[in-house]
Amino acid sequence: MIRSFMTEYSIGLDLGGTNLRAAAIDRKGNMLASVAGKTAYSAGREAIVGEMAEAIASLRHEIGAPGLDGIGVAVPGFIALEKGVILNCNNISSLENFPIRDELSARLNAPVILENDANAAALGEKWIGAGKDFEDLIMLTLGTGVGGGIITHGKVLRGYLGMAGELGHITVVPNGNPCGCGNRGCVEKHASATAVTAMAKLLGLGDALTSKEVYDLAVAGNEKARTIFEAQGEALGITLATLINAFNFPLYLIAGGVIAAWDLFAPAMLAETRRRSFTFRTTDTRIEPAQLGNQAGLYGAAYLPWSEI
Ligand SMILES: [Zn+2]
């Protein structure tokens with residue numbers, strides 16, 4: 001039987017910090033169905049890849065194959081998109097150097113578009129979030145690291161190997177904290193949520209504070225805690241000024257749980273950006289918080305098949 005009303009939709013999967021989430025999302029951004037994975041990443045590659053394929057297949061079965069426009073998958077780490085391989089991934093090392101795109105595609109008998117999770121998050125915000133009125137934007141996602149995504153002409157800027165947008169590794173302190181990438185003083189070592197808690201430890205505020213607890217201390221008037229967010233703001237400002245000077249995009253978004261502390265780090269961030277960027281000082285260039293929270297990557301992954309048209 002031919003269905004008279006076929007829903008045009010896409011399936012997105014985001015391999016997040018602790019587990020995977022997948023959703024069937026229609027062309028307008030309505031979430032039709034979603035699933036969350038339960039597999040611990042420590043369970044190994046076969047368990048993870050198996051759960052990814054199952055999640056996508058179950059959504060395709062639920063909504064129906066005829067309306068499916070494509071499948072987008074967002075994964076963390078340095079990714080060689082041309083080859084569909086994760087080169088380096090601190091969170092899920094079992095997936096490194098494994099042809100994950102082709103493996104998923106073979107199991108699903110359908111093409112799969114792979115993307116870096118921070119790029120996907122930026123694309124999600126461009127589609128239906130804080131960047132929906134813009135064709136060109138850059139997003140920095142502050143979490144355990146700092147993820148970066150560059151959207152231009154409505155699409156992810158990928159570079160010749162698909163490794164563009166690794167903005168978390170821009171140097172903000174020439175001989176600063178060592179980073180897993182081999183550099184020192186990367187912005188992710190000075191402005192991520194992890195950096196906030198590391199600074200709190202260094203300043204003797206506590207060994208195991210969460211960034212939320214550091215935030216609460218700062219709000220309560222603790223001077224040391226306040227300087228942490230100022231340092232975070234300065235590191236972000238240096239990064240943003242560099243990006244604004246290079247790209248002249250109209251919008252720069254900051255995402256991640258720490259944007260709850262926006263009022264604490266934004267003044268230093270904006271002052272530093274003004275100091276270092278003539279363009280920012282003299283134009284209506286905007287720096288704003290993102291809107292989709294931890295759903296951005298999921299929406300961006302689902303939008304991948306349509307963004308490539
Ligand atoms: Zn680095």
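Above: the structure in question.
Being a predicted model, the structure only gives us computed values, none of them experimental.

A few words now on the overall build of the protein chain. Within the protein chain, the regular secondary structure consists of 10 helices and 12 strands. Relative to the globule expectation of 19 Å for 309 residues, the C-alpha radius of gyration of the protein chain, 20 Å, shows essentially globular dimensions. For the protein chain, the spread of C-alpha atoms along the principal axes amounts to about 70 × 45 × 35 Å. Burial status across the protein chain gives 53% buried among its 309 residues.

With that settled, consider helix α3 (residues 117-128). If you check α3, its first and last C-alpha atoms are 17 Å apart, about what 12 residues at 1.5 Å a residue would give, namely 16 Å. A large share of α3 lies buried, amounting to 10 of its 12 residues. Buried residues of α3: Ala118, Asn119, Ala120, Ala121, Ala122, Leu123, Gly124, Glu125, Lys126 and Trp127, and no others. Sitting at the amino-terminal end of α3 is Asn116, which places a side-chain oxygen 2.8 Å from the backbone nitrogen of Ala118.

Turning to the coordination of the zinc ion, a few remarks are in order. Summarising the metal site, the zinc ion is bound by the protein donors His169 (ND1), Cys179 (SG), Cys181 (SG) and Cys186 (SG), whose distances to it range over 2.0 to 2.3 Å. In primary sequence terms, the donor set of the zinc ion follows H-x9-C-x1-C-x4-C. In this pair, His169 sits in the loop between β10 (155-156) and α4 (188-191) while Cys181 sits in the loop between β10 and α4, placing the two residues 12 residues apart along the sequence. Taking relative accessible area as the criterion, Cys181 reaches 36% and is therefore assigned partly exposed.

The angle between the axes and the distance between the axes are what describe a pair of packed helices. Where α3 contacts helix α10 (residues 296-307), the axes come no closer than 7 Å and their chain directions differ by 80°. Taken together, the axis directions place α3 and α10 in an arrangement best described as roughly perpendicular. Mapping the contact onto sequence places Ala120, Ala121, Leu123, Gly124, Glu125, Trp127 and Ile128 in α3 and Ala296, Gly297, Tyr299, Gly300, Ala301, Tyr303, Leu304, Trp306 and Ser307 in α10. Looking at the contact of α3 with α10 residue by residue, the class counts come to 11 nonpolar, 4 polar and 1 charged.

A few words now on the nonpolar core. One broad trend across soluble globular proteins is that nonpolar side chains are buried collectively. Ranked by size, the top nonpolar core spans 38 residues in total, and within it Ile254, Met269 and Ile287 carry the most contacts. Breaking this core down by element, the ones donating at least two residues are β8 (137-142), β9 (146-152), α5 (193-202), α6 (211-219), α7 (223-247), β11 (251-255) and α8 (262-276). Counting residues per element, this core draws most heavily on α7, at 9 residues. For Met269, the residues in contact, after removing those within four places along its chain, are Gly233, Glu234, Leu236, Gly237, Leu240, Ile254, Trp262 and Ile287. Judged by nonpolar contacts, the second largest core, of 34 residues, contains Ile48, Ile79, Ile86 and Ile100.

About the cut-offs
Numbering of residues starts from 1 in every chain and runs along the sequence as written. Side-chain atom pairs in this predicted model are given and counted only at pLDDT of 80 or more, local residue features only at pLDDT of at least 70, and totals for whole chains, interfaces and linings cover all residues. Values shown for side chains rest on all heavy atoms present in the structure; no hydrogens or waters enter the calculation. For the purposes of this entry, the term helix denotes a DSSP run of H or I that reaches at least four residues, the term strand denotes a run of E that reaches at least two, and both are numbered from the N terminus. Here the globule rule is a power law, 2.2 Å times the number of residues to the power 0.38, and the radius of gyration is based on C-alpha atoms. For every residue, the accessible area (1.4 Å probe, protein chains only) is compared with the maximum for its type, and the residue is labelled buried under 20%, exposed over 50%, or partly exposed between those bounds. Helices are assigned an expected span. That span is 1.5 Å times one less than the residue count. Contacts described as polar in this section are N or O atom pairs within 3.5 Å, which, within protein, must combine one atom able to donate a hydrogen with one able to accept it, while residues neighboring in sequence count only if both atoms come from side chains. Each metal's donors are the N, O and S atoms found within 2.8 Å of it, except that Na, K and Ca use a 3.2 Å limit; water is left out, so coordination can look incomplete. As a rule, the C-alpha atoms of each element are fitted with a line to give its axis, helices using only the stretch in contact, and angles between N-to-C directions run from 0 to 180 degrees. Small angles under 35 degrees read as roughly parallel and large ones over 145 as roughly antiparallel, with 65 to 115 read as roughly perpendicular and the rest as oblique. Contacts between residues were defined by any pair of non-hydrogen atoms, one from each residue, lying within 4.5 Å. Nonpolar residues are Ala, Val, Leu, Ile, Met, Phe, Trp, Tyr, Cys and Pro. Charged residues are Asp, Glu, Lys and Arg, and all others, Gly as well, are polar. In this text, buried Ala, Val, Leu, Ile, Met, Phe, Trp, Tyr and Cys residues form a nonpolar core when linked through side-chain atoms within 4.5 Å.

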